[in-house]
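Chain residues, written in single-letter form:
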Amino acid sequence: MNGKSFAKMSRDANLLDPKLSGTDVDLTFAKIKTKTGRRITFIQFLDGLNIFAQKKGVGVDEINQRVLECSGPVLSGTKAEANKFHDDKSLYTGMHAPPGSLLSRTESRKFQRMGTIMTPDGKEADSDFLEAHFGDALKRTFEDYCDNPGGDSMDGKSFTKLAKDCDLLDATLTATDVDIAFAKVKKHDTRRITYLQFLEGLVMLASKKKMSLEEITSKVKASLGPILMGTVAEANKFHDDKSLYTGVHARGGPSIVDDSGAVDLSKHLDRSPSDIRGVKDIKTDTGFRALWATLSQEEGDRTQCLDHLD
């Protein structure tokens, strides 16, 4: 037995009182166990009961009687309050429902709808009715809002975009209601809806807005596709009027290849031979060519050069 169980036995046997405290029980356990051990044997346990009797000032038989009357560890814990959704299994739903109580696929679909729209013959309108009644009249609009290449499925963002572009959103039908309708018609393991699920979603939207099928389908069919809106920049003369460009932009913009014919710095440098002091002999052919290249191409400059050579 370890020290924790020894102290637990003392409490369950009602041995603790002002004469024998929990600290006294721990000190007794430390006295009767071996120095290197952390547990006690049955003989050491009896020695501990003798110490209890001496500490409390009673006989050993009285201590033994209390221990014998203890039927074992008293386990206590917090008891949960009654909860009808947990205790009453008849209220379980979904996969937790008892066998035989699950709704069929059709009943479950009807149960999840926001409301019910009746057909002219008094039946509930669903996706099958819409497909048979309208055919492919709404499929063009559905494909226009599909963001995948095949145009066979639509995500929640596109479904909300369609409702907004068709002016279906108002105080009775918000964007949150559209998202809820999309979540109910799609499959649990996907994030997109097919054309039939799209038609069923229109049924939910019409029920939420309390409008007929003809009204909501006419709005959807009148759609010319997604309405794209963006910010149009204001006029700026320094950008729009190219005659006001300055610097390198006036010559067509920066470039790493200069094909404009302009003279660069290397053409202004005189790299012709000279003496040790840097003095050039302009009477030599090399000096003449270097001087001729550095002067302007005007007629007066060429005359000045020739007069200087003479």
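In case you missed it, the structure is sitting above this.
First, a word on scope: everything that follows refers to the structure included in this document.

### Points about the packing of helix H9 (residues 156-165) against helix H10 (residues 175-185)
Piece 1. At a minimum axis distance of 10 Å, the contact between H9 and H10 shows a crossing angle of 135 degrees. If you check the angle between H9 and H10, you find them oblique. For the pair H9 and H10, the crossing hand works out as right-handed. Listed contacts from H10 to Gly-156, Phe-159, Thr-160 and Ala-163 of H9 are Ala-175, Val-178, Asp-179 and Phe-182.
Piece 2. Taken together, the residues that form the contact of H9 with H10 break down as five nonpolar, two polar and one charged.

### Some remarks on the environment of Cys-146
Piece 1. Within the element layout of this structure, Cys-146 appears in the loop between helix H8 (139-145) and strand S1 (154-155).
Piece 2. Residue class for Cys-146 comes out buried when judged on its relative accessible area of 11%.
Piece 3. Considering only alpha carbons, one finds Cys-146 and Phe-159, 13 residues apart in sequence, at a separation of 8.7 Å.
Piece 4. Once residues within four sequence positions are removed from consideration, Cys-146 is found in contact with Gly-151, Asp-152, Ser-153 and Met-154.

### Thoughts on the packing of aromatic side chains
Piece 1. Counting across every chain of the model gives nine aromatic pairs.
Piece 2. Seen in terms of ring centroids, Phe-6 and Phe-29 are 5.9 Å apart; in terms of plane orientation they differ by 40 degrees. Their pairing is tilted. Of this pair, Phe-6 sits in helix H1 (residues 3-12) while Phe-29 sits in helix H2 (residues 22-32), and the two are 23 residues apart along the sequence.
Piece 3. The exposure class of Phe-6 is buried, given its relative accessible area of 0%.
Piece 4. One residue, Lys-139, lies across the ring of Tyr-195, its end atom 5.5 Å from the ring centre.

What counts as what
- Residues numbered from 1 in each chain as written.
- Predicted model: local features only at pLDDT ≥ 70, side-chain atom pairs only at ≥ 80, totals over all residues.
- Heavy atoms only, no water.
- Axes fitted to C-alpha atoms, helices over the stretch in contact; angles between N-to-C directions.
- Helix = DSSP H or I, 4+ residues; strand = E, 2+ residues; numbered from the N terminus.
- Parallel < 35°, antiparallel > 145°, perpendicular 65-115°, else oblique.
- Left-handed = near helix turned anticlockwise from the far one by under 90°.
- Contact = heavy atoms within 4.5 Å.
- Nonpolar A, V, L, I, M, F, W, Y, C, P; charged D, E, K, R; others polar.
- Buried < 20%, exposed > 50% of the residue type's maximum accessible area, 1.4 Å probe, protein only.
- Phe/Tyr/Trp six-rings, centres within 6.5 Å; stacked < 30°, edge-to-face > 60°.
- Lys NZ or Arg CZ within 6 Å of the ring centre and 35° of its normal.

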